[in-house]
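Tertiary structure, described
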Amino acid sequence: MLRPYLMKKIAFLMDPIDSLSLKKDSTLAMIRSAQLRDLDIYYLRQEDLALHEGRACGLISSLKLRDDFAQTLDPAIAGDDWYTLGEETLRPLADMDIIMMRKDPPFDMEYIYTTYLLERAETDGVFVVNKPASLRDCNEKLFATTFPQCCPDLVVSRRMDVLKAFHAKHKNVVFKKLDGMGGASIFRVMEDDPNLTVVIETLTENGTQQIMGQVYLPEIVDGDKRILLINGEPVPYALARIPSAGESRGNLAAGGRGEARPLTARDQWIAEQVGPELKKRGLMFVGIDVIGDYLTEINVTCPTCIRELDAQYDLDIAGDLIDAVVKQLD
């Protein structure tokens, strides 16, 4: 039975609503769950934030999904009028009880400025998910290295000699930018690959940017598993994102397909290693990536894969998240 949360105001700071994928978007699942629980729902974009008269404010609109669409999230019945926005009004962010930070990367200076403004709202008593300071501190690739017992052999450097030495040792290496997303700018470089130097030059921007080198994990052919954690506790199923033919990237954005699976004992162990630190840092909703037996990334900015897991295992991950978030207000 759904718990009604009357008089609670929840705002979603997100990408433009018309840009959402009606079939897959995880933020849309959260909005639906909030509406089914009778929360008052509001909408704003990054560009709507402001500091006004000493307070963090936003041009905020009420948001409501059409009832029949909210019940099913079925794109086939959505039509052109699947949501209604109220009049945009400048108001303090402190008018909200909860703000869900669901703006997709890029993680750039504008994103950092947004976290500063959200921190001001936090100071005024708003519960922000995920915690703004932790969004800044926890780079999604570097943060994983906080748990070396879970990670494959890796290196972070911008020096050609250091990165080449790592490649010479392992001979089959994945190089990637620290701020990449969706499988972009990920290169697998095998032994005797003539492109090694140019790959490193390109990713480091000629030695000016730190990058990560990670030993290639052949288990990628069985999927790059996304495991979702709510307040440090894992959802009991992972979405294995399986690369398409000829690819070494499992990301759905790079053409991978998603297959839901129960967590293995190793998956559970990794979640147990990571979960307490996530909870301590106020990271209420996180997606960790596991290839084979190894943790490769901790996604804190805008984790996805809710809809795919819900569909394959009849779950309500967004509903569980909203319940956990509102419980923090008690």
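Quick note: structure is the one above.
Here we take up the overall build of the chain. What the chain contains, in helices and strands, is ten helices and 17 strands. Expected size for 330 residues packed as a compact globule is a radius of gyration near 20 Å; at 21 Å, the chain falls within 12% of this value. Based on the C-alpha atoms only, the size of the chain along its principal axes is roughly 60 × 45 × 40 Å. Within the chain, buried positions represent 50% of all 330 residues. Here the chain displays about 14,900 Å² of accessible surface, and carbon together with sulfur accounts for 49% of that area.

Our next topic: helix α6 (residues 160-170). Among the residues making up α6, those that are buried are Leu163, Phe166 and His167. Down the axis of α6, the buried set is contained in an arc of 100 degrees. They therefore lie on one face. The inward-facing, buried residues of α6 contact β9 (154-157), β10 (173-177), β11 (186-189), α7 (196-203) and β12 (211-215). Following α6 by one or two positions, Lys171 has its phi on the positive side, about 70 degrees.

This paragraph deals with the sheet that holds strand β14 (residues 233-242). Strands belonging to one sheet form pairs held by backbone hydrogen bonds; the direction of such a pair is parallel or antiparallel. Strand order in the open sheet formed by five strands is β15-β14-β13-β16-β17, and the pairing between neighbours is antiparallel. In the strand order of this sheet, the two ends are held by β15 (257-262) and β17 (294-299), each with one partner. Across the sheet, the mean angle from the axis of one strand to that of its neighbour is 30 degrees, orientation sign disregarded. The sheet contact formed by strand β16 (residues 285-291) and β17 spans five bridges and is antiparallel. Residue pairing in the sheet places Asp289 in a bridge with Glu297 of β17. Relative to β15, helix α9 (residues 306-313) is tilted by about 60 degrees, and along the sheet it contacts β13 (224-230), β14, β15 and β16.

Bringing the environment of Val235 into the picture now. In this structure, Val235 sits in strand β14. Using a relative accessible area of 8% as the deciding quantity, one classes Val235 as buried. Considered as a pair, Val235 and Val173 are 62 residues apart in the sequence and their alpha carbons are 30 Å apart. Beyond its immediate chain neighbours, meaning those up to four positions away, Val235 contacts Ile227, Leu228, Ile230, Leu263, Leu315 and Ile317.

Another aspect to go through is the pattern of salt bridges. Enumeration over the complete set of coordinates arrives at 26 salt bridges. Between Arg37 and Asp316 there is a salt bridge, with the nearest N and O atoms lying 3.5 Å from each other. In this pair, Arg37 is assigned in the loop between α1 (26-36) and β2 (40-44) and Asp316 in the loop between α9 and α10 (317-327), connecting sequence segments 279 residues apart. For Glu122, the salt bridge identified is with Lys131, shortest N-O distance 3.2 Å. In the salt-bridge network here, residues are joined through shared partners; they are Arg45, Glu47, Asp48 and Glu88.

A word on the packing of aromatic side chains. Under the defined criterion, the tally for this structure stands at six aromatic pairs. Seen from their ring centres, Tyr113 and Tyr116 are 6.5 Å apart, and the 40 degrees between their planes marks the pair as tilted. Here Tyr116 and Tyr113 lie together in helix α4 (residues 109-123), a separation of three residues that amounts to about one turn. The class for Tyr113 is partly exposed, based on a relative accessible area of 42%. By relative accessible area, which is 41% here, Tyr116 ends up partly exposed.

Here we take up the nonpolar core. Among the nonpolar cores identified, the biggest contains 42 residues, and Ile10, Phe12, Trp82 and Met100 are the most heavily contacted of them. The next biggest cluster of nonpolar side chains, apart from the first, holds 39 residues, and it includes Tyr111, Cys138, Leu263 and Ile270.

Calculation rules
Residues numbered from 1 in each chain as written. Predicted model: local features only at pLDDT ≥ 70, side-chain atom pairs only at ≥ 80, totals over all residues. Heavy atoms only, no water. Helix = DSSP H or I, 4+ residues; strand = E, 2+ residues; numbered from the N terminus. Rg over C-alpha atoms; globule rule 2.2 N^0.38 Å. Buried < 20%, exposed > 50% of the residue type's maximum accessible area, 1.4 Å probe, protein only. Areas by Shrake-Rupley, 256 points an atom, 1.4 Å probe, with all protein chains shown as cover. Arc of directions from axis to C-beta. Contact = heavy atoms within 4.5 Å. Pairing = 2+ DSSP bridges. Axes fitted to C-alpha atoms, helices over the stretch in contact; angles between N-to-C directions. Salt bridge = Lys/Arg side-chain N within 4 Å of Asp/Glu carboxyl O. Phe/Tyr/Trp six-rings, centres within 6.5 Å; stacked < 30°, edge-to-face > 60°. Core = buried A, V, L, I, M, F, W, Y, C linked by side-chain atoms within 4.5 Å.

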